[in-house]
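Structure assessment
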Amino acid sequence: MATVTLKGNQVTTFGELPKIGVDAPNFRLTAPDLSPRSLNDYLGHNVILNIFPSVDTGVCAQSVRTFNEKASQLDNTKVLCISKDLPFAFARFCAAEGLDNVETLSDFRDGNFGKNYGLTFVDGPLKALHSRCVVVLDDKSKVIYTEQVPEITDEPNYEAALQSLS
């Protein structure tokens, strides 16, 4: 289990993020049109997994905006924004914001993504939601970078994640 803070209060996650150099765990998530997506759909592309509690909070929304802006400059890279938000909330948010360089995926159906990646909160006010994390995969789905943001109300280190791709 990993420990992070929410406004200075300690909270715990289900496990640990995948280690650098391992094959990323496969997943089955839901796209805004309710179709399933798996990691296999992105083979051959670098993948940035931008993971967070809810797009309806300021920091989470900002991470989607920032990665949307950065994604337009990346070659052969998909940015997947993942939470337990309903697919409809993601669709509404992206439409209102004019965001089209990222893909949004929901773990609302069974929560297995959060468990398999070790980042679901097991206690605290955000229990059962995802910790703020960034996981970067190469084009063969190997983990090349991870960050579990130590304070949930802070943004991830965008530059470090992007630099891992060079």
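In case you missed it, the structure is sitting above this.
The paragraphs below set out a description of the structure included in this document. Note that the structure is predicted; figures quoted are calculated from it, not measured.

1. Some details on the overall build of the chain
- Helix and strand content of the chain: four helices and nine strands.
- In the chain, the succession of helices and strands from N to C terminus is β-β-β-β-β-α-β-α-β-α-β-β-α.
- For 166 residues, the compact-globule estimate of 2.2 N^0.38 gives 15 Å, and the chain sits close to it at 14 Å.
- When its C-alpha atoms are laid out on the principal axes, the chain stretches across 40 × 35 × 30 Å.
- The buried share of the chain, taken over its 166 residues, is 50%.
- Relative to all contacts within the chain whose residues are 6 or more apart in sequence, the contacts with residues 24 or more apart total 65%.
- For the chain, the computed accessible surface area is about 7600 Å², with 49% contributed by carbon and sulfur atoms.
- Of the side-chain charges in the chain, 15 are positive and 21 negative, and the distance between the mean point of each set is 5 Å.

2. Things to note about the packing of aromatic side chains
- Under the counting rule described, the total for this entry stands at four aromatic pairs.
- Taken together, a centroid distance of 5.7 Å and an interplanar angle of 80° make the contact between F27 and F113 edge-to-face. With F27 in the loop between β2 (9-12) and β3 (28-30) and F113 in helix α3 (residues 112-116), the pair connects residues that are 86 residues apart, well separated along the chain.
- With relative accessibility at 4%, the residue F27 sits in the buried group.

3. What about the nonpolar core?
- Judged by nonpolar contacts, the single largest core of 21 residues is most densely connected at I48, F52, V64, F67, V79, F93 and V134.
- Elements with a contribution of two residues or more to this core: α1 (58-71), β6 (77-83), α2 (87-97), β8 (133-137) and α4 (158-163).
- No other element matches the five residues that α1 contributes to this core.
- Residues L29, L39, L49 and Y117 belong to the second largest nonpolar core, which totals 20 residues.

4. Description of the pairing of β2
- Bridging between strand β1 (residues 3-6) and β2 involves four bridges; their strand directions are antiparallel. The partner of T5 across the bridge, within β2, is Q10.

5. Thoughts on unusual backbone geometry
- The backbone phi angle of K7 is positive, close to 50°, even though this residue is not glycine.
- Following the sequence through the fold, K7 ends up in the loop between β1 and β2.
- Given a relative accessible area of 68%, K7 falls into the exposed group.
- One non-glycine residue with positive phi stands out, namely A128, at about 85°.
- A relative accessible area of 36% means that A128 is categorised as partly exposed.

6. What about the side chain of T104?
- Checked against the element boundaries, T104 lands in strand β7 (residues 103-106).
- When neighbours within four sequence positions are excluded, T104 is seen to be in contact with T30, A31, P32, C81, F90 and C94.

7. Quick look at the environment of F121
- Relative to the elements of secondary structure, F121 occurs in the loop between α3 and β8.
- For the pair F121 and T5, spaced 116 residues apart in sequence, the C-alpha to C-alpha distance is 11 Å.
- Once you skip the residues sitting within four places of it in the chain, F121 turns out to touch V4, V11, T12, T13, L126, K127, A128, L129, H130, S131 and I152.

The rules behind the values
- Residues numbered from 1 in each chain as written.
- Predicted model: local features only at pLDDT ≥ 70, side-chain atom pairs only at ≥ 80, totals over all residues.
- Heavy atoms only, no water.
- Helix = DSSP H or I, 4+ residues; strand = E, 2+ residues; numbered from the N terminus.
- Rg over C-alpha atoms; globule rule 2.2 N^0.38 Å.
- Buried < 20%, exposed > 50% of the residue type's maximum accessible area, 1.4 Å probe, protein only.
- Contact = heavy atoms within 4.5 Å.
- Areas by Shrake-Rupley, 256 points an atom, 1.4 Å probe, with all protein chains shown as cover.
- Lys, Arg positive; Asp, Glu negative; His and termini not counted.
- Charge placed at Lys NZ, Arg CZ, Asp CG, Glu CD.
- Phe/Tyr/Trp six-rings, centres within 6.5 Å; stacked < 30°, edge-to-face > 60°.
- Core = buried A, V, L, I, M, F, W, Y, C linked by side-chain atoms within 4.5 Å.
- Pairing = 2+ DSSP bridges.

Nothing here speaks to function; it is geometry throughout.
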